[in-house]
Each structure stands twice: as C-alpha cells, then as structure tokens.
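Each chain, letter by letter, is given below.
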Amino acid sequence: MGQHILEMKHITKEFPGVRALDNVNFQVKRGEIHCLVGENGAGKSTLMKILSGVYPSGTYDGEIRIDGTSQAFQHVKDSEKAGVAIIYQELALVKQMNICENIYLGNEITKRGVIDWEQMYVETEKVLKEVGLSIKPTTKVLSLGIGKQQLIEIAKAISKKAELLILDEPTSALTEKEAENLLQLLMELKKKGVTCIYISHKLNEIFQIADTITILRDGQTITTCEARELDEEKLIALMVGRKLTQRFPKREQVLGETVMEVRNWTVYDPDIPAKKKIKDVSFSIKQGEILGFAGLMGAGRTELFMSIFGCYGHAITGEILVNGKKTNMTSPRDVIQEGISYLSEDRKGNGLVLTQSIRENITAASLSALSKWGVIDGNQEVVAVEGYIKDLRIKTPSMEQRTGNLSGGNQQKVVLGKWLMTKPKVLILDEPTRGIDIGAKYEIYNIMNDLVSQGVCVIMISSELPEILGMSDRIIVMCEGSIAGEIPGKEADQEKIIYYATGGGRK
Ligand SMILES: Nc1ncnc2c1ncn2[C@@H]1O[C@H](COP(=O)(O)OP(=O)(O)OP(=O)(O)O)[C@@H](O)[C@H]1O
Ligand SMILES: [Mg+2]
C-alpha cells in the first residue's frame, strides 16, 4: 500500500460559463488531517463532490486513485464502498427518524432476510460512544441541536467503516464548545487511523488540527505544504494572492443624532407563553455608529432582532422609536418601510430563494423602489445589480445565474446585496461573515465603513470576537435574553466580553 490514500490528478470541471476546477492535483497521505482552504468559489466543495461521486465519473476530466487504484464513481454509494464518507454543511439526516434508523438508513443489518433491530441498536450504541455522545439510539434526530446532529453524521461514517472522512465547513453553525469537541474528536479518529479532509475558513481551526494544507485559488492548486511551514500571514497571502496588511480597515468615527431607540423590549417565548425569551432590553443607536452585539449562542441576540423585524414572537411589549418618533410596525414590510433592514443568520431559511437568479434575489426587497406605477424599471434594475456584483465581488458568470449554483460564501454576498439595495437607515447584520473567506470579509468590513460614513447605522451580531472587537464603536453583550453589559469599543477586549457573556456582572 502506497503512502497516499488519495490521489486526484489533473481534475478539470466545468459548469456552463464557469471553469470551477482547472487541472487540480490533490494528494492526501494516509492517516493525516489535510485542510483544504481557499477563497469563496475557489472550488473546494466542487472537488469534494467529485471525490464523493456526487458529480459522476464522465462529468469531469482527470483521475481519482484510492490506495493506488483508479476509481470511476457513478454515485455516492460507490465512493462509500471505497471507504469515503462526506459530511456536508447542510446535514443530510432524516429529522423524523431516530438515530439508529438514520445511521443504518439504506444499510440495514439483516439476519435471515429480516431486519435485525437488536443488533443495530447495539452497534449504534457503540459508535455513539466513540463520538462521545451518551444518548439513546432511539432518540429522534429532530430533538437534537446541530452540534449533536453533526456528531451523528460522523458516527454514521464510522459505522460504515469510512477510512477517508470529508468535512465541508462543519463548524460554521456550531457553538465554540461544540466546535472544540468536534476538533478533538477528529484528532482521536486520526489516532485510530482515519484520514480526514477538512474544509474551513477559520484559521485558528486550521492551525489547530492540520498536518498538511492545500490551497486552491480560482480553481487551481496553488500549493500543498506541511502546516508547520506556514503561519496565518503566509496562509492568507497564498489564499488571496496578495498581502493583507491589516484585518480590519480603519475608519474615522463621526456620530450624529440617535436614529433608532428600543425601549423595554420584552418578548415571550412563542412555545412557552409564560417564559420570556427577551427581557426588558433597551438600547439606542446613533447615525454613523457600528454597534456590535456579542454573546454566547442562545443568548437571544437573533430572537431580539427577529422580533424587532416582525418575524419572531406574538406577545411583545415595549416600543421602538425611529428618529424620535414612536413607530407602529407589525410586519417585516412595515419595518423595511421605516428604513430598517435585517440580514438574517440563516441565509437559506429566510434570506434567499435558491431557485431564483442573483438579480431576482438582490432586488426582492426593493421592488417598490425600482418600480414606477407598478412597472419595474428594468434598466435601473440591471445597473444596480451589476453594481452590487462588482462591489461585493460576487463570483458568477452572469446576474441571471441561479443563486443555488453559487458557492456558499457567494450566496451570503447575494443576501448582503439584497439588504444593501433597500438603502436602509439602520442595517442589522446577523453573522454577516459566516462562511466568508478572509479577503471577502475585509471587503464586507469596507462596505460597513462606507455605509456608516454615509450616515447609516450598522448593528452587527457576531460570534467572532475579533470581528466584534475590530469593527464596533460600542459593544452590547447579551446573556440569557437580557443585556448583561455595554462596553465602549476602545475599552473592549475578549476577557471583558466573555465575562459579561457568561453571566458575570449581573446583580
Ligand atoms: N452546480 C453549479 N452550477 C454552476 N456553477 C457552479 C455549480 N457549483 C459550483 N459552481 C461554481 O463553481 C465555482 C466553485 O464553487 P465551489 O462551491 O466549489 O466553491 P468553494 O471553494 O466551496 O467556495 P465556498 O468557500 O464559498 O464554499 C464557483 O464559481 C461556483 O459558482
Ligand atoms: Mg464550499
């Protein structure tokens, strides 16, 4: 057996108008953790879909060898037989079924032609233990959080005796602790001989677990090297093809009048009417200000802003003033009309229609502004959309491309374009750079700075502390549905935020 468990040679893959991969070579050694990195649209997910048979042999050029043997996968099942397991960012579990049913779906153990449930439960218990979960195999997947569902996907891969495990941005929806557990588990699996290909935009994760790193840019392999030969600065330069001297662009702070004020905002849990999800939250934001909202996952930040936007909770008390006047907003439409826009953290659920074009998605919330007497001004629409594609560097052959065909990070940029187009007074960004590569993050920060210099207020909810610290004029920290502390940007550091976020300082 050779040193390489996987060799992908001269892989080229084209979509209409896009050469996603251009003569890519990728080799993975047995037993290593190999990180695959690169900007949004570089071709990482496409390469992994070729490897796992999502794109069958014949739809691309080049060769795949596993343990030296040439492979022509027609289907995901074929790659599974060869020991490959891929875990997508959008998890593929059947939520209504229980853990055991999911793990053995399509691979049921049978004894004399009858499904052997007893054996399957015993085996499931074993693999659950291996991934560090102590829950019953009969638990419905529905009742588990994303972090545990991810572990079940891995348990499923283990039960299939996968030798090569592929994870495509597995931690983007996990809490810090869950992400840490996942990385620990991957290192455990490595000790047991499992090889892992890991895709992530988070540099700290990459340097924590990678043995080897391969960098893709614009569909081409830039280099493969050992992780210890690189540091963050070198890796970023290789990824974006230029030096990024600073991670956060500078800005002159000029504050104006108070634009929005939220007073005594309380939201009752839609499922448990007696329980308060948001407790007496009051804050305001001034023209030209970037206000950061920090907190642990589940602190209520998303619920707070979704309720302000009119799409969460029925029983709400409190009031919102815009430019000093009380408002009476009951739907997202009213809120947008008042000049408040909200980019949701769940781009697939609330932000985008994947079957529609980039143009249709970007203009979806601005149609009234683009229309005269009910007719859309097509010319104005095209010019505006062109502008956003250019400013946000959305990688696409045309504005008519189906949004679902874009890479994950480029989809996120389309949602941002959609809300920028509404020309808001207050722009609320919920995890705006999730899944976005380092270079594009910098561009998004630049756009935020431009907006505030034009007098827009920006509220940024983010779980990435460096970004909150690097960009905010002021930081509000939430904990369990209330405001736990407020810190001026200049005085803020990680420790202070974590102190408030974990319940410190509360009376
Ligand atoms: N089904 C498709 N049809 C047309 N173009 C596609 C399709 N899938 C991917 N592409 C294009 O191929 C290129 C590579 O996309 P891919 O999803 O592999 O990028 P990625 O490196 O995974 O990016 P990200 O970090 O944003 O997830 C992009 O330009 C993308 O728009
Ligand atoms: Mg991807």
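Description of the structure in this document. (Residues numbered from 1 in each chain as written. Chains lettered and ligands numbered in written order. Predicted model: local features only at pLDDT ≥ 70, side-chain atom pairs only at ≥ 80, totals over all residues. Heavy atoms only, no water.)

Moving on to helix α6 (residues 176–191). An α-helical turn contains 3.6 residues, so any two residues separated by three or four positions project in the same direction. When the terminal C-alpha atoms of α6 are compared, their 23 Å separation across 16 residues agrees well with the 22 Å that a helix rising 1.5 Å per residue should span. Along its buried surface, α6 packs onto β3 (33–38), α4 (117–130), α5 (146–159), β9 (164–168), β10 (195–199) and α7 (203–209). Looking one or two places after α6, you find Gly-193, whose phi comes out positive at around 95°. (Helix = DSSP H or I, 4+ residues; strand = E, 2+ residues; numbered from the N terminus. Expected span 1.5 Å × (residues − 1). Contact = heavy atoms within 4.5 Å.)

This brings us to the packing of α4 against α5. Helix packing for two helices is described by the angle between their axes and how far apart those axes are. Where α4 contacts α5, the axes come no closer than 9 Å and their chain directions differ by 120°. Considering the angle they form, α4 stands oblique to α5. Our pair here, α4 against α5, has a crossing hand that is right-handed. Contact with α4, carried on its side by Val-127, Leu-128 and Glu-130, involves Ile-152, Ala-155, Ile-158 and Ser-159 of α5 and no other residues of that element. Taken together, the residues of the contact of α4 with α5 break down into 5 nonpolar, 1 polar and 1 charged. (Axes fitted to C-alpha atoms, helices over the stretch in contact; angles between N-to-C directions. Parallel < 35°, antiparallel > 145°, perpendicular 65-115°, else oblique. Left-handed = near helix turned anticlockwise from the far one by under 90°. Nonpolar A, V, L, I, M, F, W, Y, C, P; charged D, E, K, R; others polar.)

In the vicinity of ligand 1 lie 20 residues, with Gly-41, Lys-44, Thr-46, Ser-407 and Gly-409 positioned nearest. One nitrogen or oxygen atom from the side chain of Lys-44 is found 2.7 Å from an oxygen atom belonging to ligand 1. Across the complex, the protein chains shield 91% of the 640 Å² of accessible surface that ligand 1 would expose by itself. Looking at the shell around ligand 1, the elements that each hand over two or more residues are β2 (18–29), α1 (44–51) and α15 (408–420). No other element matches the 3 residues that α1 contributes to the shell around ligand 1. Residue composition of the shell around ligand 1, by class: 6 nonpolar, 11 polar and 3 charged. Two domains share the shell around ligand 1, each providing at least three of its residues, namely domain 1 (4–240) and domain 3 (349–423). (Near = heavy atom within 4 Å. Polar contact = N/O pair within 3.5 Å; in protein donor to acceptor, adjacent residues only side chain to side chain. Areas by Shrake-Rupley, 256 points an atom, 1.4 Å probe, with all protein chains shown as cover. Domains from an automatic or database assignment.)

Pairing analysis gives 6 bridges linking strand β23 (residues 474–479) to strand β24 (residues 482–488), with the strands arranged antiparallel. Directly across from Ile-476, in β24, lies its bridge partner Glu-486. (Pairing = 2+ DSSP bridges.)

Below, the discussion takes up the side chain of Thr-302. Residue placement: Thr-302 occurs in helix α9 (residues 301–308). Every residue in contact with Thr-302, bar those within four places of it in the chain, is listed here: Tyr-342, Glu-345 and Asp-430.

This paragraph deals with the nonpolar core. In this structure, Phe-283, Phe-293, Leu-304, Phe-305 and Ile-459 are the most contacted members of the largest nonpolar core, which totals 64 residues. Three or more residues apiece are contributed to this core by two domains, here domain 2 (247–339 + 425–507) and domain 3 (349–423). In this structure, Val-37, Ile-99, Leu-151 and Ile-154 belong to the second largest nonpolar core, which totals 52 residues. (Core = buried A, V, L, I, M, F, W, Y, C linked by side-chain atoms within 4.5 Å. Buried < 20%, exposed > 50% of the residue type's maximum accessible area, 1.4 Å probe, protein only.)

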